[in-house]
Amino acid sequence: MSAATTARPMSVRTLTGGSRLRAGALIVLNVVGLMAFLWPFALPAFTGGNENHHADGPVILLVLLVCLGTLLFVELGRGGMGPKAVALLGVLGATMVALRLPGFVAGFSAMFIIVLVAGNAFGPSFGFLLGAVGTFASGLFIGGLGPWLPFQMVAVGWVGMGAGLLPRTGSWRVRIWALAAYGVAAGYLFGALMNLWSWPFLTTGSAVSWSPDATAAENLRHYLTFYAATSFVWDTFRAVGNGVLVLVLGRPLLGSLDRAARRMRLEVGGDMNVTPAPSATREGAVDVEDPAPVLGAPRGVPVGR
Amino acid sequence: MTEALRVDAVSFRYPDAARPALVDVTLEIEEGTFALAVGPTGAGKSTFLRVANGLVPHFTGGSFTGRVLAAGRDTLAYPPRALADAVAFVPQDPGASFVLDRVEEELAYGMENLGVDPAHMRRRVEEMLDLLDIEPLRGRSVRSISGGERQRVAIAAALAAGPRILVLDEPTSQLDPQGAEHVFAALQRLVHDQGMTVILAEHRLERVAGQVDLALGFDEGRVTAGDPAAVIRRLAMGPPVARLGRLVGWDPVPLTVRDARRLAGALPARLHPVTPAPGDTRVELRRLSARHGDAGALRDVDLIVGEGEIVAVMGRNGAGKTTLLRSIAGVHAPASGTVQVGGHAPRPGIDAALCPQEPESVLFAETVAGEVAVTLKARGIDGVRPEAVLMELGIADLAAHHPRDLSAGQRLLVATAAIAAGQAPVLLLDEPTRGLDPEAKERLARFLRSHAADGGTVLFATHDVELAATVATRVVMLAGGEVIADGDPASVLGDSHVFAPQMTRAFGPGWLTPEQVAEALA
Amino acid sequence: MHPGAWILWATCAGMVTFTTTNPFYLALIVAVAFFVYAAQRVPGPTARSFRVFAIAGLITLVVRTSLVFLGTVDAGNVAFAALEGARLATLLIVFGTFNAVTDPFGVVRLAPRRFHEPALAAALALSIAPRTVAMVGRVREAQTLRGIPTSWRTLPSLAVPVLETGMEEAVTLAESMDARGHGRGRRTRYRPAHWTPAAVVVSVASVVAAGVFVVAAWTQRGDLHPSTSPLAWPQVQPALLAAIGLLALPAFAPRPREEP
């Protein structure tokens, strides 16, 4: 009888976990997803320019949804997350749901802080999952499932993923300021992206409209005007709110999450296959490998100020 | 008979732990046994329970020696999910372990994981509903049911997949007496009518000690398995009848009220001791009515509490205990009537400090001392060191620990310290003994007594009859928002069936603690 | 009715809406959506959704129309903007109905096997959220009683206990799930939602309706986009009106009996 019957080999700690092929596929899909958001600029380059814009509308939307759907499908539709990851997603997702509404001023939503710190603490893969799942649950909770949901899920997922890509080594100060700066940038980017997919539909026929015949630069100019007029103030609230929350809450929250990861023997940044592998040592003791160094010296250790 | 659980020379150390949690444990538990794990906090009971279903070492990591056979399966070869149909595990806080929303679906979850076909699942769900007596709850949301019901739903959910071994971690620590009764009755049925093997860890031994076949005494990772009376006799903090047995020198110690009576014979009714007159009035409630949601939580309550009193507020869940405490603290506005603390309307936190039902909800500092320091600073109190406050609760040695690394009992003491540091004369505690081990309870009792002796006032809401019997100078009973009894513990507790301490049950009103009885028998 | 049927209905109704800016068609769709909502709404927090979405739709209409002022203002442009706004508003109202008639847990339970774990996480988030909200209130009160007021600076005293307790509960939850066989292998479903005849009929009708409109859009018939410059009175085609009528069928489906 071998103890290894229960063991799953420890995953390679790569960006997204798993084989190179999977990593490559995910990168491609993420780029495609990004294209789906940026289609007003990208599309004219691909189509010849159809006179009747209106007929394009539903088709374009369908294509976008398919792209995003595939991205979500691959990222989310995987087995082997394990009870620890699911439980964490559930609890953190619940916090996102609880925080979506309170303190709602313009675009600010406290739920972003959860995605930011959890993404930073548990890695890009988890960050994306949490962003997507939390947004979905949040939509369900407030009874607000709308056509924007796939876009929002992916966009919030990207916020979480980015937070996981930030440097996690070094002093607390560096870590927190980097996360705060990212939070501000993410606030604006998120708003810009979410605005972008709806812009052409909202503004056809007006002076800041999108046009498949115009050049990318012209479209960009139009969009920026549109953005300044509508979304900018909204997004500033969000961006500033994110930054402030990270500065105020980042360190204590990250401390809690780091401890939780340690307690749960979680491998951070991996493929979410968190079953530790038992292996026999010389004395006959079975050492269930700690998938460390999860939070050992390389990161999270506060260097003296 | 075959063995349900066989443990061979098992030693286990958690990762990053200084000392091993289990040391060379060898024992066998036969099928159909009702086994009880006892011992102080940190001695290894919880770890042992998790060894039985493989959570140790698969879930926790760590260094593991030895072999465990659960229902014939080697737990090293079978991770917890592979043992799900052999061993059922119910954690201490079942509310946190529910996965789905409706009771019926929760019961089916385990079977879904095991790939049981739907027709069979339907039958098993019905059986479980009947077995645990929870059929009326089937369509309810798990959030809407009481603590005792939740515990039974958790047991049903764990058993639905068909295991013959049931492992429970302190199932009644969070429950009121009625809830605890129902759970123990269910466990009895499972053992006697169904032939299941049940292993549970408990601190509150009054009800269960007399019902079990086997006791496992834990002490710093080592286990002594044997006859319940023998094992419990060795405990420093057993149930009152056992403590009485130790004091008087009986061997074997009684484990039930009936055994105690047989050994002691009848005792004359005890003269009620003269309770010292309370000091100046500190808390005064006149015709206080308050609402909670749509219901009237308090109705025309009159209550006067003086300095130096320790008042136990008792009653069923929903009787209004929490609302009463919160009204005195000044955070629950009265619908009519008045609340006065120190002669005026209570200033929250300044006149009366409240320790909430979940003490964890106040802990956020990095160290225990830091936690106390936060309150000192917030209240602007100079010249008092946090360690001094900690010493009053007997936890000065924990000053540098992270509050979240501590046991439930230690956390309560830390929270109490953090709140008492505000130097409010009136100290209010809402169900402080939830999940509390006897050592921490003892420390708390000592602190409450000294606080009252220094001129403070204490009111605590509790289900814990033994604590009320030991430390309270006065007992107030609430039912439906009204005060139905108010007086010294001997009379009030002696008069009640549900809320009578073991000594009272054994020997009649007036007898509250084993020490009193031992003295009389000497 | 099977949640999948509702999703299909909402998607098709959404597509139909998206293909046209003809105010008469749009008005009829709104009427149909309201009709279905009134007949099939599920009591509970999601029932409010319809009103919320309707208000959101109204706001969108106003905003979209006022965007005209960024450019030249004439009757044609205003009408164009108003029609665009009306289309978006109608879309929102369709989703309002969808939210009001579906049970959130039902949607989650629908997830195919591959998505079981993320769907479970979403369901968990839904169940745990009310507890979290209550906990925040309790922590706030307890800290205030200690003398720590709620403000920007003292946010950690609010956030840390909630998160820490949440993490501890996550451990208990994960243990429990592990002990109950999570991730063991092929799963079965306790009460799989069945495709009733009503659900099938509704699904087919929805697809037909959507198909009719897509064809009309492709062949540019039916005055889907009435001209606004010059301003002309919109025309309607009976066939398309009938297609929208098909979308009203869900209102006649038998209401789900209370799940035991």
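Please read all numbers here as calculations on a predicted model, not as lab measurements. (Residues numbered from 1 in each chain as written. Chains lettered and ligands numbered in written order. Predicted model: local features only at pLDDT ≥ 70, side-chain atom pairs only at ≥ 80, totals over all residues.)

## Regarding the interface of chain C and chain A
And then number 1: Of the residues lining the interface, 59 residues belong to chain C; the matching set on chain A comes to 50 residues.
And then number 2: For the side of chain C that touches chain A, the elements supplying multiple residues, two or more each, are helix H1 (3-18), helix H3 (49-66), helix H4 (75-101), helix H5 (104-109), helix H6 (116-146), helix H7 (155-179) and helix H8 (197-219) of chain C.
And then number 3: By residue number, the principal contributor to the side of chain C that touches chain A is H7 of chain C, which donates 15 residues.
And then number 4: Tallied by class, the residues present in the side of chain C that touches chain A amount to 39 nonpolar, 12 polar and eight charged. (Contact = placed C-beta atoms within 7 Å. Helix = DSSP H or I, 4+ residues; strand = E, 2+ residues; numbered from the N terminus. Nonpolar A, V, L, I, M, F, W, Y, C, P; charged D, E, K, R; others polar.)

## Details of the domain arrangement of chain B
All names here are of chain B.
And then number 1: Entries for chain B in the domain assignment read domain 1 (3-99 + 158-228) and domain 2 (281-487).
And then number 2: Relative placement of domain 1 and domain 2: their C-alpha centres are 34 Å apart.
And then number 3: In this assembly, 10 residues from domain 1 lie in contact with 10 residues from domain 2.
And then number 4: Tallied by class, the residues present in the side of domain 1 that touches domain 2 amount to two nonpolar, six polar and two charged. (Domains from an automatic or database assignment.)

## A few points about the packing of H8 of chain C against helix H9 (residues 238-246) of chain C
Residues and elements named next belong to chain C.
And then number 1: Interaxial distance between H8 and H9 falls to 8 Å at its minimum, and their mutual angle equals 150 degrees. Relative to H9, the element H8 is oriented roughly antiparallel. The way H8 lies across H9 gives a crossing that is left-handed. Every residue of H9 that contacts H8 at Ala205, Val208, Ala209, Val212, Phe213 and Ala216 is listed here: Ala239, Leu240, Ala243, Ile244 and Leu246.
And then number 2: Class assignment for the residues of the contact of H8 with H9 results in 11 nonpolar, no polar and no charged. (Axes fitted to C-alpha atoms, helices over the stretch in contact; angles between N-to-C directions. Parallel < 35°, antiparallel > 145°, perpendicular 65-115°, else oblique. Left-handed = near helix turned anticlockwise from the far one by under 90°.)

## Observations concerning the pairing of strand S15 (residues 352-355) of chain B
Residue and element names in this part refer to chain B.
And then number 1: Where burial is concerned, the two faces of S15 agree: the one with Ala352 and Leu354 and the one with Ala353 and Cys355 are both buried.
And then number 2: Summarising the sheet, S15 and strand S16 (residues 426-430) pair through four bridges and their orientation is parallel. What sits directly across from Cys355, in S16, is Leu429. (Buried ≥ 20, exposed ≤ 12 C-beta atoms within 10 Å, placed from the backbone. Pairing = 2+ DSSP bridges.)

## Concerning the sheet that holds strand S13 (residues 310-315) of chain B
Residues and elements named next belong to chain B.
And then number 1: Taken in spatial order, the six strands make up an open sheet running S15-S16-S17-S13-S18-S19, and their pairing is mixed. Each having just a single partner strand, S15 and strand S19 (482-487) make up the two edges of the open sheet. When strand polarity is set aside, the average angle formed by the axes of neighbouring strands in this sheet is 20 degrees.
And then number 2: As judged from the four bridges shared by S13 and strand S17 (residues 457-461), these two strands associate in the parallel manner. Each residue of the ladder has a partner; that of Val313, found in S17, is Ala461.
And then number 3: Of the strands in this sheet, S13, S16 and S17 are in contact with helix H14 (residues 438-453), which crosses S17 at around 145 degrees.

## Quick notes on the interface of chain B and chain C
And then number 1: The interface is formed by 50 residues belonging to chain B together with 42 residues belonging to chain C.
And then number 2: Elements with a minimum of two residues in the side of chain B that touches chain C: helix H2 (55-59), helix H3 (103-113), helix H4 (118-131), S15, helix H11 (368-378) and helix H13 (408-420) of chain B.
And then number 3: With six residues, the single largest contributor to the side of chain B that touches chain C is H3 of chain B.
And then number 4: Tallied by class, residues from the side of chain B that touches chain C come to 30 nonpolar, 10 polar and 10 charged.

## Regarding the environment of Phe48 of chain B
And then number 1: In this structure, Phe48 of chain B sits in helix H1 (residues 45-52).
And then number 2: Residue contacts for Phe48 of chain B: discarding those within four places in its chain leaves Leu22 and Ala37 of chain B.

## Concerning unusual backbone geometry
Residue and element names in this part refer to chain B.
And then number 1: Residue Pro57 is reached from Val56 by a cis peptide bond, and omega for that bond is 5 degrees.
And then number 2: With respect to the helices and strands, the residue Pro57 is situated in helix H2.
And then number 3: Each neighbour pair has its own omega, and for Asp251 with Pro252 the value is 5 degrees, a cis peptide bond.
And then number 4: Although it is not a glycine, Asp133 adopts a positive phi angle of roughly 60 degrees.
And then number 5: In this fold, Asp133 is placed in the loop between H4 and helix H5 (147-159).
And then number 6: By the C-beta count within 10 Å, which is 15 here, Asp133 ends up partly exposed.

## Regarding the environment of Leu267 of chain B
Residue and element names in this part refer to chain B.
And then number 1: Relative to the assigned elements, Leu267 resides in the loop between helix H9 (257-264) and strand S11 (281-292).
And then number 2: Along the backbone, Leu267 and Gly42 are 225 residues apart, and their C-alpha atoms lie at a distance of 38 Å.
And then number 3: The residues contacting Leu267, other than those within four sequence positions of it, are Phe507, Gly508, Trp511, Val517 and Ala520.

## Section: the packing of helix H5 (residues 111-122) of chain A against helix H7 (residues 149-165) of chain A
Residue and element names in this part refer to chain A.
And then number 1: Packing of H5 against H7 leaves a shortest axis separation of 7 Å and a crossing angle of 40 degrees. The orientation of H5 with respect to H7, classified from their angle, is oblique. Crossing geometry of H5 relative to H7 is assigned as right-handed. Within the contact between the two elements, H5 uses Phe112, Val115, Leu116, Ala118, Gly119, Asn120 and Phe122 and H7 uses Val156, Val159, Gly160, Met161, Ala163 and Gly164.
And then number 2: Residues of the contact of H5 with H7, tallied by class, amount to nine nonpolar, four polar and no charged.

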